[in-house]
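Below are the chains, spelled out letter by letter.
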Amino acid sequence: MGGSASNTECAVADRAEGRGATRRREIVRRVMPKRMPTALQDLNPVLARVLAVRGIQHAEDIGHELDALHRPTQAGLARATAILADVVMTGRRLTIIGDFDADGATSTALAMEAFHMMGAPSVDYLVPNRFEYGYGLTPEIVAVAAERGAEVLMTVDNGISSVDGVEAATRLGIPVVITDHHLPGEQLPAAAAIVNPNQQGCAFPSKALAGVGVVFYVMTALRATLAKRDWFTQCGLKKPHFASLLDLVALGTIADLVPLDRNNRILVQQGLRRIRAGQVRPGIAALMGVGKRELSRAVSSDLAFAVAPRLNAAGRLDDMSHGIECLLAKDETTARAYAAELDQLNRERKDIEASMQAEALAALNDVVFSASSAPAGICLYDPSWHQGVIGILAARVKERYHRPVVVFAEASEDSVKGSARSIPGVHLRDVLAEIDALNPGLITKFGGHAMAAGLTLRKASLETFRTAFATRAAHHFDVETLVEQVLTDGPLDAGDVTLALANTLVAHIPWGQQFEEPQFDNVFKVCQHRVLGDKHVKVTVQMPGSLQTFEGIAFNAVDYWPFHAEWVRVVYRLSENHFRGVSTVQLMIVYAEPSHQ
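Let me begin by describing the structure that accompanies this report. (Residues numbered from 1 in each chain as written. Predicted model: local features only at pLDDT ≥ 70, side-chain atom pairs only at ≥ 80, totals over all residues. Heavy atoms only, no water.)

Details of the sheet that holds strand 13 (residues 520–532)
Think of a sheet as strands paired side by side through backbone hydrogen bonds, with each pair either parallel or antiparallel. Stated precisely, the cut-off is as follows: For two strands to be treated as a pair, DSSP must find at least two bridges joining them. Helix numbers and strand numbers start at the N terminus; a helix is a DSSP run of H or I with at least 4 residues, a strand a run of E with at least 2. Lines fitted to the C-alpha atoms define the axes, with helices restricted to the stretch that makes contact. Angles between their N-to-C directions range from 0 to 180 degrees. Here a residue-residue contact requires only that any non-hydrogen atoms of the pair lie within 4.5 Å.
Around the barrel, five strands lie side by side as 13-14-15-17-16; this closed barrel has mixed pairing. If you compare each strand with its neighbour and ignore which way they point, the axes differ by 45° on average. Pairing geometry for strand 13 and strand 14 (residues 536–542), over seven bridges, is antiparallel. Paired with Gln528 across the strands is Thr540, a residue of strand 14. Where helix 18 (residues 499–508) meets the sheet, it contacts strand 13, strand 16 (567–579) and strand 17 (582–594), and its direction lies at approximately 80° from that of strand 16.

Some points on the packing of helix 9 (residues 246–255) against helix 10 (residues 262–276)
The condition is simple: Working definition: roughly parallel below 35 degrees, roughly antiparallel above 145 degrees, roughly perpendicular at 65 to 115 degrees, and oblique for all remaining angles. Helix crossings are classified by the rotation of the near helix relative to the far one: an anticlockwise turn of less than a right angle makes the crossing left-handed, while a clockwise turn makes it right-handed. As a working rule, the residues Ala, Val, Leu, Ile, Met, Phe, Trp, Tyr, Cys and Pro are called nonpolar, Asp, Glu, Lys and Arg charged, and the rest polar, with Gly in that last group.
Viewed as axis vectors pointing N to C, helix 9 and helix 10 meet at an angle of 125°, and their least axial separation amounts to 7 Å. On the basis of their axis angle, the class for helix 9 and helix 10 is oblique. Read as a crossing pair, helix 9 and helix 10 show a hand that is left-handed. For the pair helix 9 and helix 10, the contacting residues are Leu246, Asp247, Val249, Ala250, Thr253 and Ile254 in the first and Asn264, Leu267, Val268, Gln270, Gly271, Leu272, Arg274 and Ile275 in the second. In terms of residue class, the contact of helix 9 with helix 10 is made up of eight nonpolar, four polar and two charged.

A closer look at the packing of helix 16 (residues 428–438) against helix 17 (residues 462–474)
One way to put it is that helix 16 packs onto helix 17 with a least axis distance of 10 Å and a crossing angle of 125°. As judged from the angle between their axes, helix 16 and helix 17 are oblique. Note on packing geometry: the crossing formed by helix 16 with helix 17 is right-handed. Where helix 16 approaches helix 17, its residues Leu428, Val431, Leu432, Glu434, Ile435 and Leu438 are matched on the opposing element by Phe465, Ala468, Phe469, Arg472 and Ala473. Residue composition of the contact of helix 16 with helix 17, grouped by class: nine nonpolar, no polar and two charged.

Structural notes on the nonpolar core
This is how it is decided: Buried residues of nine kinds, namely Ala, Val, Leu, Ile, Met, Phe, Trp, Tyr and Cys, make up a nonpolar core once their side-chain atoms join them within 4.5 Å. Here the term buried applies to any residue with accessible area under 20% of the maximum for its type, exposed to any over 50%, and partly exposed to those in between, with areas from a 1.4 Å probe on protein chains only.
In this structure, Phe115, Met219, Trp561, Tyr572 and Leu574 are the most contacted members of the largest nonpolar core, which totals 147 residues. With 10 residues, the top contributor of residues to this core is helix 7 (residues 211–228). Here Phe115 is in contact with Leu84, Val88, Leu94, Ile96, Ala120, Val123, Met154, Met219 and Leu222, once residues within four sequence places are set aside. If you look at the next biggest cluster of nonpolar residues, it comprises 23 residues, including Phe408, Ile423, Leu432 and Ala468.

Quick word on the pairing of strand 11 (residues 452–458)
For strand 9 (residues 415–421) and strand 11, the ladder comprises seven bridges, and the chain directions are antiparallel. When the sheet's bridge partners are listed, Ala420 is paired in strand 11 with Ala453. Bridging between strand 10 (residues 443–448) and strand 11 involves five bridges; their strand directions are antiparallel. Bridge assignment links Gly447 to a residue of strand 11, and that residue is Gly454.

Some thoughts on unusual backbone geometry
Positive phi, normally seen in glycine, also occurs at Asp230, with a value near 65°. As for its position among the elements, Asp230 is in the loop between helix 7 and helix 8 (231–235). Positive phi values are uncommon outside glycine, yet Asp534 reaches one of about 70°. Structurally, the position occupied by Asp534 is in the loop between strand 13 and strand 14.

Concerning the packing of aromatic side chains
Under the convention used in this document: Side-chain rings of Phe, Tyr and Trp (the six-membered ring for Trp) are treated as a pair once their centres are within 6.5 Å; stacked means planes under 30 degrees apart, edge-to-face means over 60, and tilted covers the remaining angles. Charges are assigned to positions over rings by a cutoff of 6 Å between ring centre and Lys NZ or Arg CZ, combined with an angular limit of 35 degrees from the ring normal.
The final tally for this structure, using the stated rule, is seven aromatic pairs. Consider the rings of Phe204 and Tyr217, whose centres lie 5.1 Å apart with planes at 75°: the pair is edge-to-face. With Phe204 in the loop between strand 6 (193–195) and helix 7 and Tyr217 in helix 7, the pair connects residues that are 13 residues apart, well separated along the chain. Neither Phe204 nor Tyr217 differs from the other in exposure class; each is buried. A network of ring pairs unites the aromatic residues Phe408, Phe465 and Phe469 as a single cluster. Against the face of Tyr560 rests Arg25, its NZ or CZ located 5.1 Å from the ring centre. Here Arg265 stacks its cationic end above the ring of Phe515, 4.0 Å away from the centre of that ring.

Points about the layout of surface pockets
Rules: Whether a set of points on the 1 Å grid over the protein atoms alone is a cavity depends on a 1.4 Å probe fitting there but being unable to get out, while an open set qualifies as a pocket with protein on both sides within 12 Å along at least five of seven lines; lining residues are those with an atom within 4 Å of a point. Grid points are joined across faces, edges and corners, and a volume is the space filled by probe spheres set on the points.
By volume, the second largest pocket is sized at about 270 Å³. The wall of the second largest pocket is formed by 14 residues, among which Leu66, Leu69, Phe216, Thr220 and Arg223 lie closest to the centre. When residues of the lining of the second largest pocket are assigned to their parent elements, the largest contribution, four residues, is made by helix 7. Class assignment for the residues of the lining of the second largest pocket results in eight nonpolar, three polar and three charged.

Brief notes about empty space enclosed by the protein
Tallied over the entire structure, the rule returns one cavity of 30 Å³ or more. The volume enclosed by the largest cavity comes to roughly 30 Å³. For the largest cavity, the full set of lining residues is Phe100, Val127, Pro128, Asn129, Arg130, Gly315, Asp318, Asp319 and Met320. For the lining of the largest cavity, the class distribution of residues is four nonpolar, two polar and three charged.

A short note on the pattern of salt bridges
Let me state the cut-off plainly: Here, a salt bridge means any side-chain nitrogen of Lys or Arg that lies within 4 Å of a carboxyl oxygen of Asp or Glu.
Enumeration according to the criterion identifies 28 salt bridges in this entry. Close ionic contact of Asp343 with Arg310 constitutes a salt bridge, the shortest N to O distance being 2.8 Å. Here Asp343 is found in helix 14 (residues 332–365), whereas its partner Arg310 is found in helix 12 (residues 300–317), with 33 residues between them in sequence. One exposure class covers both Asp343 and Arg310, and it is buried. Close ionic contact of Glu410 with Lys459 constitutes a salt bridge, the shortest N to O distance being 2.8 Å. Taken together, the residues Glu410 in strand 8 (residues 405–410) and Lys459 in the loop between strand 11 and helix 17 connect sequence positions 49 residues apart. Overlapping salt bridges, with partners in common, bring together Arg30, Arg54, Asp489 and Glu516 in one network.

Topic: the environment of Val163
Tracing the backbone shows Val163 in helix 6 (residues 163–171). Of the residues examined, Val163 reaches a relative accessible area of 19% and is grouped as buried. Considering only alpha carbons, one finds Val163 and Ala190, 27 residues apart in sequence, at a separation of 7.0 Å.

Regarding the environment of Leu84
Structurally, the position occupied by Leu84 is in helix 3 (residues 77–90). For the pair Leu84 and Met543, spaced 459 residues apart in sequence, the C-alpha to C-alpha distance is 61 Å. When neighbours within four sequence positions are excluded, Leu84 is seen to be in contact with Leu94, Phe115, Met154, Val177, Val218, Met219 and Leu222.

Thoughts on helix 6
For helix 6, the complete set of buried residues consists of Val163, Gly165, Val166, Ala168 and Ala169. As for helix 6, its buried residues are in contact with helix 5 (139–147), strand 4 (152–156) and strand 5 (176–179). Positive phi appears at Gly173, one or two residues downstream of helix 6, with a value of about 75°.

What follows is the structure, given as structure tokens:
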């Protein structure tokens, strides 16, 4: 083993290797096309290679101009904008019903801003507190909105499953306009209008819009409708430009982990350009600040790992209205105060999560020793666990054991709420639908996507569900599903491991879900390593045949790092390490295994 290690570091290494692997991993290189597309041949060769394996064929597919966005052709859009235009022009009281995650917060803030820019005289918002009302437009939240004088309701990032809530609003004579992106169930709500690219019969080309993307399209179409009705002239208003809303669109799209198809990449890149240019709302700037990220260097990962968690913390532990008010803040002082509050909530969330994770892993260690002996689907419950953090815990356990996971927390004396996360190859909502069909009444309510879902059960049904979940998940498994593939874009030459290439890869493309940031694999000699904080590994490595060394860091790596290996095969991303005004290239290591030269 290259370098030296302290006794403490050796003890950490021995503990890590003694635990054994908790998941099976395999490094797999993406398949290069046989011929490089002509449109990419003038680009940096590494960037061209990365784009080619992601299916980019034409020059226009790497452009990010707004005029290349899909036209607003969503089903229900004309009906929705006609209703909302009447609301604006007559001054009826509109209440926006949001959701308690970052997509819901950005959707709510965007709608509020857009309505005000278009001169709507009476618009407010209401976000259900997850601990009191649960998710979406429930009959209870309709009653609250009615008490506050709502005459029309508009959902953002929710509503497609709110059959009972829409019925309750209809009985009160309150029309509902639904804007959502989640997958519909068998029954649609009887709303006045529904805009959702995933509803049956919608011909809109992109099914990957986040809730905030749907709202952006609705507001853009509403502006066109009001312009046709000569509303802006009548009110002495200039037709508003919505480019200022794109920072919200970028944040919500990245935070919600929707696939970055071409349409979403345009929206995200446009938002990032505005953020980097300082054309950003004070709330996002303040959240970047407490996250110690620089506006001028903003990339997708800053939104994903610095801004979104702090925004989400409000909905997880308290009330998402704090996050929305941060996004709506008009001055730096107000924004910084909200950002500091959200930062503190996020610290509390981390503490709660760490405690819950320790309890969950301790419980699993009693019955599960490795990924090879884990059940096909893992189901966990503890009455003391925090309902707002179970989604994060499910994700952590999924990452550790490479299995679909459902984590439950107590919702009431006789019911529990669950948050589920899945792995590639196991469609989570399909699994829940199968359980529901085979066990009528077992699941009180459920909804979600392929990779994430939520559900409610009677507490007495937990063991029955646990068995059913493992059984149905197993039907979706095959040998390949059990092995986690660590995809790479192949090796780099030593001369390519540069700060210039790192910046090129970041500047050209917004990376994200299903358009993953490039990562490469090489064999390195370990010159030195040290353990940081009992869980991270800092290394100095050297490529064979080269005298140049590179610094690398592997976060949360003590469970898999091959401490006693002199040569390691490493999967890594290129990143910029900016410290005390000096920038250097750094390997952001995501996986390592023993190797030979």
